[in-house]
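# Structure assessment
The primary structure of each chain is shown beneath.
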Amino acid sequence: MDLYEIRGGRLDVITEEAEHQDLSRESNTMEPYKVASARGGRATRDISTLQRFSVGTNESLRFEPCEDSPPSPTGAEDGLDDDDDVFREGETESEIVMTRNHLQGKVAEMENFAGHLEEIFLTVEENFGRREQHLEQHYNDVLQTLSQRYDERAAGLEEEKKSKLEALYRQLLACGQALDASKELIETAQEIYRSRDKRLFLKTVMPAIKRIEEFAKEEPDLKLSTHLELNTPLADLSDVKTMMDSINVVPAPSAPVINPQMPNSATQTSLRVCWSLFSDDTVEYYELYYRPVLEDMPADSTCAPHESKVKVKETHCTVTDLLPNAQYELWVTATNTTGISPASEKALYMTVPSPPVIKQRECTSCPEAALIRWESGNTNPVDSYNVELSEMGTDGTESGVTESIVAVPTCQCLIQLQTGQRYLISVRAVNIGGPSDRSDVIIVSTTGTFFHLLEETAHPCLSISEDGFTMFYGDEELSISAMAFDDNTFTRCVAVLGDLIPVRGRHYWEVEVDDGTEFRIGVAYMDTERSSYLGANNTSWCMRHILTPTRHKYEFLHNGWSPDLRITVNPVRIGVALDYERGTLSFFNVDLEQHLHTFHCHFQSYVHPCFGLDNPGALTVHNSIEAPEYTFT
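Overview of the structure. Computed from a predicted model, the values in this text were never measured in an experiment.

## Details of the pattern of salt bridges
Applying the stated rule across the entire model yields 13 salt bridges. Across the pair E455 and R361 runs a salt bridge whose closest N-O atoms are separated by 3.0 Å. Linking E455 in the loop between β18 (442-445) and β19 (462-464) with R361 in the loop between β10 (357-358) and β11 (364-365), this pair joins segments that are 94 residues apart in sequence. By relative accessible area, R361 is classed as partly exposed at 34%. Of the charged contacts in the structure, one is a salt bridge between R520 and D614, with a shortest N-O distance of 3.2 Å. With R520 in strand β23 (residues 519-525) and D614 in the loop between β29 (607-613) and β30 (617-622), the pair connects residues that are 94 residues apart, well separated along the chain. Looking at R520, the relative accessible area reads 5%, which means it is buried. Each of R520, R544, K553, E555 and D614 takes part in salt bridges that share partners, so that together they form one network.

Set out below in structure tokens:
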């Protein structure tokens, strides 16, 4: 069976086996569970037949029934009659959905397994193809080398033959010339001997004798000038032997190419690393090296971090036991029977960041929104943040779907919410490796406006309670030299600002103060003059309480001016209502539900609650309170 049939989405092998067992079931009996193919294939068998599957040696997939629940001879399942309802008693729709999802997950797992088998099949086929090409190349190289040795040897024999024949021919010519000279001398001697003229004989005999003597002095070379045997030296086939021995030896692989880090490929303590290799290389295993990258690591390698190594057979590896939000330098080598490849180029991977830490004292809210602030807690940069929120049920647990605000670039986020709800909010830090675990969850209520006092703006004589809602002005007088001022603290007025959420809507909070305390409460711009009293400039609006020998005096100050008002009942709990849309700032006696005064102004930018004490005492802010109906009417 071809592997692609396994992962084709229809699981034909499974259904064929199932269909042969259940053909007897009629349409009037509904099967309890069916698994639909992820790619539009036909539905598979009853779940009772899909209890265990195995891969046989014949490359077929099969499902076997469990031994403790064999099928009945009639084909019906044990314990179920034909007239039984399709669902067992007490089985809910949610259980059926869970079971169906579980089966679909099993089908997806089998498809993934089939895909893995196909990848292995293709890899083995490619490897054997490369080995076959390598063997054929060796065979051609050996034949070519032997052919070259034959041509060289044949040419050498031809040269040797030619040189021997030429030497013998030259010696033969020399012998012929000697024979011709002897013959000529013999014939000349015979002619002289036959001569009758004595005087002519004496005249010619002496030169002839001298020629014969000179000829006799020359000894003829009767030895062959060359050997008749041909030289038969052994052919040097050492390179051919080397080639024959190297037929089973593959070349060392080239350097692998390590891939850049993929998104969501890491956790806080692990990295998934992938690399690739040239198609002509054969590899037995890979070695992945990695080490952390330290920002303050010196240029020399004397203090270099420890280098770790992992040996794997695949072109991917998951490295564990790492540090969160840390950069790691990785490189890989490939090894086969011939040797080790050069190392790949180094790549930088990052683990997932640590969870952020929400700064609860700096988180503010109102009925329409919440401003969440946090700190990263990571030394290396973070790409972005995800804020997750879900409504909180009456029992204190999550209810409803969790929503996410993704790709938040900074460590704060303004979230639009529904009025009168409670939310569970957490934050995740994200880098290229993926999102971190979520931070500790905080609870945000949109019943009313919620804020803390900004301690960095407080006058040095003020003390802020641990919960951030109460300010104290002690009896002890501090000298100017003992006070620590900076650019953001109040220097003349013993005051502090509140961290109000920057939302142009309606805000309400209440202030509780003793009768014997002189105070100033209201709103001010963040850049209001720190060396000025609240209400004495055009950047602040406040209600002031002054103790006189005869009465309690109240002023509503802005830019140093106050209307002439008289309040007969001293308010102990004062409500402050800020309405950006109407441009009003109102004050109320909460206990009597009495309106005290309203400022009408057009706020150019966001304002913050401001609180000041003109004599020793305490002031407590109550927020996250639903505004009474009379405050904004």
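And the narrative resumes.
## Quick notes on the layout of surface pockets
For the second largest pocket, the calculated volume is near 670 Å³. T123, Y286, K313, E314 and T315 are the residues nearest the centre of the second largest pocket, which is lined by 21 residues in total. Counting only elements with at least two residues in the lining of the second largest pocket, the list comes to α2 (93-193) and β4 (271-276). Broken down by element, the residue count for the lining of the second largest pocket peaks at eight residues, all from α2. Among the residues making up the lining of the second largest pocket, the classes are represented as six nonpolar, seven polar and eight charged.

## A short note on a nonpolar patch on the surface
A cluster of nonpolar residues, I120, V124 and F128, forms a patch on the protein surface that exposes about 290 Å² of accessible area. Inspection of the secondary structure puts I120 in helix α2. When its relative accessible area of 39% is taken as the criterion, I120 is described as partly exposed.

## Digging into the sheet that holds strand β25 (residues 552-558)
Strand order across the open sheet formed by five strands is β21-β29-β23-β24-β25, with antiparallel pairing between neighbours. Each edge of the open sheet is held by one strand with a lone partner, namely β21 (495-497) and β25. In this sheet, neighbouring strand axes are inclined to one another by 15° on average, regardless of whether the strands run parallel or antiparallel. Here seven bridges tie strand β24 (residues 540-547) to β25, and the two strands are oriented antiparallel to one another. Residue R544 lies in a different strand from β25, and its bridge partner there is E555.

## Notes on the sheet that holds strand β26 (residues 573-579)
Strand order in the open sheet formed by seven strands is β19-β20-β30-β22-β26-β27-β28, with antiparallel pairing between adjacent strands. In this open sheet, the two edge strands, each paired with only one partner strand, are β19 and β28 (594-600). Ignoring strand direction, the axes of neighbouring strands in this sheet form an average angle of 20°. Pairing of strand β27 (residues 584-589) with β28, which is carried by six bridges, proceeds in the antiparallel orientation. Opposite F587, over in β28, you have H597 as the bridge partner.

## Details of helix α3 (residues 198-217)
Each α-helix winds once per 3.6 residues, and so residues spaced three or four apart point in a common direction. With 20 residues, α3 extends 28 Å from end C-alpha to end C-alpha; this agrees with the ideal 28 Å at 1.5 Å per step. Approximately 30° is the largest bend angle found in α3, and it occurs at V205, with the proline P207 only one to four residues beyond.

## Thoughts on the packing of aromatic side chains
Taken as a whole and judged by the stated rule, the model has 13 aromatic pairs. With a centroid separation of 6.1 Å and 80° between ring planes, the pair formed by F587 and F599 is classed as edge-to-face. Taken as a pair, F587 in strand β27 and F599 in strand β28 lie far apart in primary sequence, 12 residues in all. F599 carries the same exposure label as F587, and that label is buried. Ring-pair connections join several aromatic residues into one group, and the members of that group are Y525, W541, Y580, F603 and Y606. We note R504 situated over the ring of Y606; from NZ or CZ to the ring centre the distance is 5.2 Å.

## Observations concerning the nonpolar core
Among the nonpolar cores identified, the biggest contains 38 residues, and I521, F587, F603 and F611 are the most heavily contacted of them. Sort the elements by how many residues they give to this core and β23 lands first, with four residues.

## Quick notes on the environment of G448
When you line up the elements, G448 lands in the loop between β18 and β19. For G448, a relative accessible area of 2% translates into the label buried. Along the sequence, G448 and R506 sit 58 residues apart, while their C-alpha atoms lie 9.3 Å from each other. Beyond its immediate chain neighbours, meaning those up to four positions away, G448 contacts S365, C366, P367, S624 and I625.

## Points about the state of the cysteines
For the structure shown, the criterion picks out zero disulfides. Summary of cysteine pairing: C610 is not part of a disulfide, and the nearest cysteine sulfur, belonging to C542, is at 6.2 Å.

## Here we look at the pairing of β29
Within β29, seven of the seven residues are buried, which leaves it mostly tucked inside the rest of the structure. Bridge count between β21 and β29: three bridges; the pairing is antiparallel. By the bridge assignment for β29, V496 is matched with F611. By the bridge criterion, seven bridges tie β23 to β29 in an arrangement that is antiparallel. Among the inter-strand pairings, I521 is bridged to a residue of β29, identified as F611.

Cut-offs used in this document
Residues numbered from 1 in each chain as written. Predicted model: local features only at pLDDT ≥ 70, side-chain atom pairs only at ≥ 80, totals over all residues. Heavy atoms only, no water. Salt bridge = Lys/Arg side-chain N within 4 Å of Asp/Glu carboxyl O. Helix = DSSP H or I, 4+ residues; strand = E, 2+ residues; numbered from the N terminus. Buried < 20%, exposed > 50% of the residue type's maximum accessible area, 1.4 Å probe, protein only. 1 Å grid on protein atoms, 1.4 Å probe; cavity = no way out; pocket = protein on both sides within 12 Å on 5 of 7 lines; lining within 4 Å. Points joined across faces, edges and corners; volume = space filled by probe spheres on them. Nonpolar A, V, L, I, M, F, W, Y, C, P; charged D, E, K, R; others polar. Patch = residues over 30% accessible without salt bridge, like charges linked within 9 Å, V, L, I, M, F, W, Y side chains within 5 Å. Areas by Shrake-Rupley, 256 points an atom, 1.4 Å probe, with all protein chains shown as cover. Pairing = 2+ DSSP bridges. Axes fitted to C-alpha atoms, helices over the stretch in contact; angles between N-to-C directions. Expected span 1.5 Å × (residues − 1). Bend = angle between axes of the 7 residues up to and from the residue. Phe/Tyr/Trp six-rings, centres within 6.5 Å; stacked < 30°, edge-to-face > 60°. Lys NZ or Arg CZ within 6 Å of the ring centre and 35° of its normal. Core = buried A, V, L, I, M, F, W, Y, C linked by side-chain atoms within 4.5 Å. Contact = heavy atoms within 4.5 Å. Disulfide = S-S within 2.5 Å.

Worth remembering: the numbers are spatial, not functional.
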